[in-house]
Amino acid sequence: MRKTFIDKVLILKVIIFMACLHCRTGIAADDLSTIISPALFKNHSAIMLIIDPESGDIVQANDAAALFYGFNVSELEKKSIQQINIFTNEQVAQERAAARTEGRNYFVFKHRLASGDMRTVSVYSTPFNVNGKTQLLSVIHDISSQRSLEKELWRYQENLEELIRIQIGEIEKKQSDQLLLAIISIALLCVLLLILSVLATRLRRAKRAAQQDSSKLQAIFDSIDDLLIFAEPNQRISAANKKAQQILTAKMPLFGRFMYEFEVSQTLSSDAINEHEYKGAEGNFWGEYTCTKVVDNDARHLGSIHFIHDISERIATRRQQRLASTVFATTNEGVFVSNGKNEIIMVNRAFINITGYSQDDALGKTPSLLNSGRHNSEFFKAMYLQLNTQGQWEGEIWNRRKDGCIYPCWLSIAVVFDDTKNIEMFVAILNDISLRKENEQEMWLQTNLDTLTGLPNRQHFYNKVDQQMLHAQAEQKRLAICFIDLDRFKSVNDTLGHATGDLLLLEASKRIKACMSSGNLVARLGGDEFSLLLTNINTVNQIEHIALKVLNALNSPFVIAEHEVFVSGSMGITLYPDDGLERKILIRNADSAMYKAKEKGRNCFEFFTPGMHEQAQARSQLEGALHKALSNNEFTIHYQPIISIDGERLGCEALLRWYNPELGHVSPADFIPICEELGLIVPIGAWVLREACQQASNWCCKLDGNFFITVNFSSVQFVRQNVSELVKECLAETGLAAECLSLEITETVLADSSDTTLKQLQAIRAQGVGLAIDDFGTGYSSLSYLKRFPLTKLKIDREFIKELPDNTEDCALVSAIISMANNLKLKVIAEGVETQEQEDFLRNLNCDYIQGFLYSKGLPNDEFELFLEANSPHIKI
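Residues numbered from 1 in each chain as written. Predicted model: local features only at pLDDT ≥ 70, side-chain atom pairs only at ≥ 80, totals over all residues. Heavy atoms only, no water.

**Quick word on the overall build of the protein chain**
At step 1: Secondary structure summary: the protein chain contains 29 helices and 32 strands in total.
At step 2: Summed over its atoms, the accessible surface of the protein chain is roughly 45,900 Å², and 52% of this surface lies on carbon and sulfur atoms. (Helix = DSSP H or I, 4+ residues; strand = E, 2+ residues; numbered from the N terminus. Areas by Shrake-Rupley, 256 points an atom, 1.4 Å probe, with all protein chains shown as cover.)

Right, dumping it as structure tokens:
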């Protein structure tokens, strides 16, 4: 029983020790100190030797072995086990055979001490691998005293038996000595019992000592801050330390579970094949895994010791480092790190790309390498003061590249302090913001400047007005705001094209700007509208001087794309603080004054008066009503008769009229220009053409086709729509014959030399529709247009007719126009004829058609039909 108990204690020691040993064999090593903790081996109370099984050399010995054998450690490590073990090879083989026969896993040998004494020892050996080489870990236990006690016990027992035998013989021989023999026997038995009691006491003490050693070893086992598990060959867990129990199952049973239940995955890293992911009680974790197989002397597999070191933090740190390294290497932001002396110790590729300095150029240098010279010493003193006190700084700074180029960048610096609060390093991140600066500048230009002229736009002008108003209020000074609108620009833009119009605006802006002195601002508000902001105004004469200078500059001829173009300017002027204290009010005032200048004949300026505001409101009301007029059926067409001088043909001109319930009858002179400006002339003009063609078709039927109608067309219509297609559609819808329709166009249409307009006019004539020039002689076109365009009629403006026949100049002009038209085979219509004398004069000149109040004003549809009935009998059909 005593031997079995000691064997179990020693086996437990070996298992625990081997567990401690294998938990540290995850790496290759050349000596024991790198395999297990030196303190654990050296200071262990058990006698331990590591032996080379091939040579028998003692590789390592602990202090307990040196104390037992009487040699120091170095002397022991120079010996072989054969020099200590006095058994011969044959005796060793016999002992091994006896151990197998008796079922023991230890061997009993005789070892010689340094003093020459012989000790009986039990040896527990287990193999393990170090760097691929097998060695034996032998735990030696001195059993000499136990053997001595056993021998004494057997000797006493043999002696007792011999004495009893002798006494029995003597009792048999000497009946008389029986009582004495019995007493002696009892005494001997008591002595034997006393010896057995002493031996039992010693065994109990040995058991308590073994239990204490086992508790110590178990405490060491549980104190290991890693997972230590013993699993049977089928991977069923049969033992584990507290750490394994807490991590894997917490309060749930661990024994009886299988190791594979806790395995999740293995890392794919080729240099970390022993890293595994495990399922724990509180979630998955990563561990560094080592497994050691445990075998007996017959090489039978008893199980495996699994050692798992939790490396979750290491894995997380490794990932963070890998992420940080990747970010550092691949980020577009330049990063450099300098030490406590502010010497650069690390740069990334973006730093090299931005600065032009290679890694060799930068390492060991200070960040002053990048100084551009644009910042003084005070700037850097303030920067490093903030770094020392607050630990960070960021801001815009100008640096110099290696090629000498200076560029703006946004610099962020963070300080890394050590445990003693001293600066350990600086980490700086710089962004090249050159492109952002350029974009900001471009955005500012786009936001504040007109893209065509480069002048401040409406928003920038308004901001400047607000600023100057505050300044003028503080200084008690006056400001002047002037609005300029180019007269006849729309006609130029419509006839010569938008490209020519843009060139005209660009040239006009240059002329206006040349008239300004420093401190004054010129802006383009949009379209053909410009504005002036005049500061430091002391007298009205100063404003008038600048206004006249600008108008004279605009009134001079412009040569644009080989065209000589004439425009002028209408200017409205308002004063701060005289006319208002708010920018919105002043802008409205200037706009009202500008429209007043246009009404006065253009090419002039007007100062704001209170009455102008009422006119501006009226115009605004007119524009609002025009947008709804067509859908509300507020338009009508009146027809003014046109009669041939010989009375053979009768026709009419379609005249657009507008009646609004709120505004009443509105003159065409008031609303037609606004329609052209707003683009409403396109849908309204199409409606007029359809209505006129429909009525003319009915009248042509009544007069057997001996009737014609003329419809006015704006230059805007030719630009914004295909007039020839519109005419074709209307003729097809109404059934009106093409020869019964004529289109009246202004000279501005002819001034447009674009191929599109010419092709439209040619297509209209190809349909058989006539073309008449309205108000001939009042525009700025040349006579070459009469030859170039397929015209059929000329209309002499009423300005040349109203003073006939008394005005000799008008008589000469009308006579010349009629004569020229006859030579060009063009029919002539004289409009505005009101007296018989005018008709007689025109008849003598062989004028083809007469139109005017002499016959009739423009008549509504039903009244014009009455006119036809009254006059058709007098017309030869």
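More follows now that the structure is in view.
**Structural notes on the environment of Asn129**
At step 1: Tracing the chain through its elements places Asn129 in strand β4 (residues 118–130).
At step 2: Asn129 sits 163 residues away from Thr292 along the chain, and the two C-alpha atoms are 9.3 Å apart.
At step 3: A polar contact is formed between the side chain of Asn129 and the side chain of Thr134, at a distance of 3.1 Å. (Polar contact = N/O pair within 3.5 Å; in protein donor to acceptor, adjacent residues only side chain to side chain.)

**Quick notes on the sheet that holds strand β15 (residues 406–417)**
At step 1: Spatial strand order, β13-β12-β16-β15-β14: five strands in an open sheet with antiparallel pairing. Pairing within the sheet leaves two strands with one partner each, and these edge strands are β13 (344–347) and β14 (392–400). On average, adjacent strands in this sheet sit at an angle of 25° to one another, irrespective of strand direction.
At step 2: Note: β14 against β15, nine bridges, orientation antiparallel. Each bridged residue has a counterpart across the sheet, and for Glu394 the counterpart in β15 is Ser412.
At step 3: Together, β14, β15 and β16 (423–432) form the strand contacts of helix α12 (residues 377–390), whose direction differs from that of β14 by roughly 150°. (Pairing = 2+ DSSP bridges. Axes fitted to C-alpha atoms, helices over the stretch in contact; angles between N-to-C directions. Contact = heavy atoms within 4.5 Å.)

**Observations regarding the nonpolar core**
At step 1: If you look at the biggest cluster of nonpolar residues, it comprises 82 residues, and the most contacted ones within it are Leu689, Phe707, Ile709, Leu741, Leu743 and Leu842.
At step 2: Per-element accounting of this core gives the leading share, eleven residues, to helix α21 (residues 681–702).
At step 3: Setting aside chain neighbours within four positions, we find Leu689 in contact with Val711, Phe713, Leu726, Val727, Cys730, Leu741 and Leu743.
At step 4: In terms of nonpolar packing, the next biggest core, distinct from the first, is built from 34 residues, Val522, Leu534, Leu551 and Ile573 among them. (Core = buried A, V, L, I, M, F, W, Y, C linked by side-chain atoms within 4.5 Å. Buried < 20%, exposed > 50% of the residue type's maximum accessible area, 1.4 Å probe, protein only.)

**Remarks on the packing of helix α16 (residues 498–514) against helix α17 (residues 540–555)**
At step 1: Axis separation between α16 and α17 bottoms out at 9 Å; the angle between their running directions is 150°. Between α16 and α17, the crossing angle belongs to the class labelled roughly antiparallel. In terms of crossing hand, the pair formed by α16 and α17 is right-handed. On α17, the residues that touch Ala508, Arg511, Ile512 and Ala514 of α16 are Lys549, Val550, Ala553 and Leu554. (Parallel < 35°, antiparallel > 145°, perpendicular 65-115°, else oblique. Left-handed = near helix turned anticlockwise from the far one by under 90°.)

**Topic: the packing of aromatic side chains**
At step 1: Throughout the structure, instances matching the rule amount to 22 aromatic pairs.
At step 2: An angle of 25° between the planes, with centres 5.7 Å apart, marks the rings of Tyr278 and Phe285 as stacked.
At step 3: Overall, the relative accessible area of 1% leaves Tyr278 in the buried class.
At step 4: Using a relative accessible area of 6% as the deciding quantity, one classes Phe285 as buried.
At step 5: Ring pairing ties together the aromatic residues Tyr639, Trp699, Phe707, Phe864 and Phe867, which thus form one cluster.
At step 6: Looking at Lys79, its charged tip hangs above the ring of Phe71, at a distance of 4.5 Å from the centre.
At step 7: The side chain of Arg401 reaches across the aromatic face of Tyr407, ending 4.0 Å from its centre. (Phe/Tyr/Trp six-rings, centres within 6.5 Å; stacked < 30°, edge-to-face > 60°. Lys NZ or Arg CZ within 6 Å of the ring centre and 35° of its normal.)

**A closer look at the packing of helix α15 (residues 489–496) against α16**
At step 1: It is the contact of α15 with α16, at a shortest axis distance of 6 Å, that shows an interaxial angle of 140°. Between α15 and α16, the crossing angle belongs to the class labelled oblique. Facing α15, whose interface residues are Phe489, Val492, Asn493 and Leu496, α16 presents His498, Thr500, Gly501, Leu504 and Leu505.
At step 2: Looking at the contact of α15 with α16, its residues break down into five nonpolar, four polar and no charged. (Nonpolar A, V, L, I, M, F, W, Y, C, P; charged D, E, K, R; others polar.)

**A word on α16**
At step 1: The first and last C-alpha atoms of α16 sit 24 Å apart over 17 residues, in line with the 24 Å expected at 1.5 Å per residue.
At step 2: Where α16 is concerned, the buried positions are Thr500, Gly501, Leu504, Leu505, Ala508, Ser509, Arg511 and Ile512. (Expected span 1.5 Å × (residues − 1).)

**Digging into a negative patch on the surface**
At step 1: A cluster of like negative charges, contributed by Glu803, Asp806, Glu837 and Asp840, occupies part of the molecular surface.
At step 2: Within the fold, Glu837 resides in helix α28 (residues 836–844).
At step 3: Judged by its relative accessible area of 48%, Glu837 falls in the partly exposed class. (Patch = residues over 30% accessible without salt bridge, like charges linked within 9 Å, V, L, I, M, F, W, Y side chains within 5 Å. Salt bridge = Lys/Arg side-chain N within 4 Å of Asp/Glu carboxyl O. Lys, Arg positive; Asp, Glu negative; His and termini not counted. Charge placed at Lys NZ, Arg CZ, Asp CG, Glu CD.)

**Structural notes on the pairing of strand β5 (residues 133–142)**
At step 1: Where strand β1 (residues 47–51) meets β5, five bridges bridge the pair, whose relative direction is antiparallel. Residue pairing in the sheet places Ile51 in a bridge with Leu136 of β5.
At step 2: Both β4 and β5 contribute to a ladder of ten bridges, which runs antiparallel. When the bridges of β5 are listed, Ser125 appears paired with Ser138.
At step 3: Hairpin connection from β4 to β5: two residues lie between these consecutive antiparallel strands, with Asn131 at a positive phi of about 55°.

**A short note on the pairing of strand β9 (residues 275–280)**
At step 1: Counting buried residues in β9 gives five out of six residues, a clear majority hidden from the surface.
At step 2: Relative to strand β10 (residues 283–295), β9 is paired through six bridges, and the arrangement is antiparallel. Of the residues in β10, the one forming a bridge with His276 is Gly287.

**Concerning a positive patch on the surface**
At step 1: A cluster of basic residues, Arg202, Arg204, Arg205 and Arg208, forms a positive patch at the surface.
At step 2: One can find Arg208 in helix α7 (residues 178–223).
At step 3: Judged by its relative accessible area of 46%, Arg208 is partly exposed.

**Considerations on the side chain of Ser568**
At step 1: Mapped onto the fold, Ser568 is located in strand β22 (residues 568–576).
At step 2: On the accessibility criterion, Ser568 (2% relative accessible area) is buried.
At step 3: Within the local environment of Ser568, its side chain forms a polar contact with the side chain of Asp487, the two groups lying 2.6 Å apart.
At step 4: If we skip the residues at most four places from it in the chain, Ser568 touches Asp485, Leu486, Asp487, Arg488, Leu554, Asn555, Arg602 and Asn603.

**Points about the sheet that holds strand β3 (residues 107–112)**
At step 1: The sheet built from five strands is open, its strands ordered β2-β1-β5-β4-β3 with antiparallel pairing. One side of each edge strand has no neighbouring strand; the edge strands of this open sheet are β2 (58–61) and β3. When strand polarity is set aside, the average angle formed by the axes of neighbouring strands in this sheet is 35°.
At step 2: Pairing between β1 and β2: three bridges, direction antiparallel. Within the sheet, the bridge partner assigned to Ile50 lies in β2 and is Gln60.

**What about unusual backbone geometry?**
At step 1: Cis geometry is found at the peptide bond from Tyr576 to Pro577, where omega equals 5°.
At step 2: Topologically, Pro577 is positioned in the loop between β22 and α18 (583–599).
At step 3: Put simply, Leu804 and Pro805 share a cis peptide bond, and its omega is -5°.
At step 4: Topologically, Pro805 is positioned in the loop between β30 (793–796) and α27 (808–823).
At step 5: Here Asn633, not a glycine, exhibits a phi torsion of approximately 55°, which is positive.
At step 6: Assignment of secondary structure puts Asn633 in the loop between α19 (610–629) and β24 (635–644).

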